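Residue strings, one per chain:
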Amino acid sequence: MIESPDRTPLPRSFFDRPVLEVAPDLLGRVLVRLTDDGPIELRLTEVEAYAGEADPGSHAFRGRTARNAVMFGPPGHAYVYFTYGMWHCLNLVCGPEGHASGVLLRAGEIQTGHELARKRRASARNDRELAKGPARLATALDVDRTLDGTDACAGPESPLSVLTGTPAPTDQIRTGPRTGVSGDGATHPWRFWIDGDPTVSPYRAHVPRRRRA
């Protein structure tokens, strides 16, 4: 008999741990996004860890700014940033308050609210591509900067929350370099994914942007 995923919300203590513990433990958990049009639920299949001021790949590497302030706050909150002038990306803050770290939600499987996600991701060729990559995930879930700082542990009325779900078995979790990270942080094997899951995004190494002549 197959047991149904656990719908118990993850407590703040889950996120109040080192980022390299939280990141792989998020795989298989269910992210719930309450939109004005209805709920969307997503099973997390790929994430990346960022260790704040100790991590050259992190937005918080050079300290606190107006943009990254949420990363230094209490664990269990959402950090949303805008990138390349086009896309939003969703992170979950973890670790003790005052020490910036977070987990980028890179990909997942839409389990509830397919029609809502398809409206926002009309270019997706199939449901596997709805949230295959961090920008696609945020788009499918209607995530933008208005959700920056949202408390994902505030209860069922919060726009964002995370359910226990069915944690991925340890032997199915793979790890490797983070996608698109340059410099000293490029080789950190802090990208985690569920092996063989069709919603996991392809790995891409960092490619320097060309300067205009």
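Here, every reference points to the structure presented above.
Residues numbered from 1 in each chain as written. Predicted model: local features only at pLDDT ≥ 70, side-chain atom pairs only at ≥ 80, totals over all residues. Heavy atoms only, no water.

*Asks:* Give me the lowdown on the environment of Arg 128, citing residues and values where you can.
*Replies:* Along the chain, Arg 128 turns up in the loop between helix 3 (114–120) and helix 4 (134–140). Taking the relative accessible area as the measure of exposure, Arg 128 reaches 45% and is therefore partly exposed. Once the C-alpha coordinates of Arg 128 and Pro 9 are considered, the two residues, 119 residues apart in sequence, prove to be 25 Å apart. With near-sequence residues (within four places) excluded, Arg 128 lies in contact with Pro 198 and Thr 199. (Helix = DSSP H or I, 4+ residues; strand = E, 2+ residues; numbered from the N terminus. Buried < 20%, exposed > 50% of the residue type's maximum accessible area, 1.4 Å probe, protein only. Contact = heavy atoms within 4.5 Å.)

*Asks:* Break down the pairing of strand 2 (residues 30–35) for me, with residues and values.
*Replies:* When you tally the buried positions in strand 2, you get five out of six residues, the bulk of the element. Across six bridges, strand 2 lies against strand 3 (residues 38–50) in antiparallel orientation. The residue of strand 3 that forms the bridge with Val 30 is Arg 43. Between strand 2 and the antiparallel strand that follows it, strand 3, lie two residues. The sheet contact formed by strand 2 and strand 7 (residues 160–165) spans four bridges and is antiparallel. (Pairing = 2+ DSSP bridges.)

*Asks:* Could you give an account of the environment of Trp 190, with specific residues and numbers?
*Replies:* Mapped onto the elements of the fold, Trp 190 is located in the loop between strand 8 (173–176) and strand 9 (191–194). For the pair Trp 190 and Pro 96, spaced 94 residues apart in sequence, the C-alpha separation works out to 19 Å. If we skip the residues at most four places from it in the chain, Trp 190 touches Leu 20, Val 47, Glu 48, Ala 49, Ala 51, Asp 55, Thr 175, Gly 176 and Arg 178.

*Asks:* Any details on the nonpolar core? Residues and values, ideally.
*Replies:* In this structure, Phe 15, Leu 26, Leu 31, Val 47, Leu 90, Val 103 and Leu 105 are the most contacted members of the largest nonpolar core, which totals 40 residues. Here this core takes five residues from strand 3, the largest share from any one element. Aside from chain neighbours lying at most four places away, what touches Val 103 is Val 19, Val 22, Ala 23, Leu 26, Val 47, Glu 48, Leu 90, Asn 91, Leu 92 and Cys 94. Ranked by size, the runner-up nonpolar core spans twelve residues in total, among them Tyr 50, Met 71, Tyr 81 and Val 181. (Core = buried A, V, L, I, M, F, W, Y, C linked by side-chain atoms within 4.5 Å.)

*Asks:* Just give me the short version of the packing of aromatic side chains, but keep the residues and values in it.
*Replies:* Scanning the entire structure with this criterion turns up two aromatic pairs. A ring pair is formed by Phe 14 and Phe 15, whose centres lie 5.1 Å apart and whose planes are at 75°; its orientation type is edge-to-face. Centre to centre, the rings of Tyr 79 and Tyr 81 are 5.6 Å apart; their planes meet at 40°, and the pair counts as tilted. For Tyr 79, a relative accessible area of 2% translates into the label buried. The buried category is assigned to Tyr 81, whose relative accessible area is 12%. When the ring centre of Phe 14 is taken as origin, the NZ or CZ atom of Arg 17, which lies over that ring, is 4.6 Å away. Seen from the ring of Trp 193, Arg 191 lies directly overhead, with NZ or CZ sitting 4.2 Å from the centre. (Phe/Tyr/Trp six-rings, centres within 6.5 Å; stacked < 30°, edge-to-face > 60°. Lys NZ or Arg CZ within 6 Å of the ring centre and 35° of its normal.)

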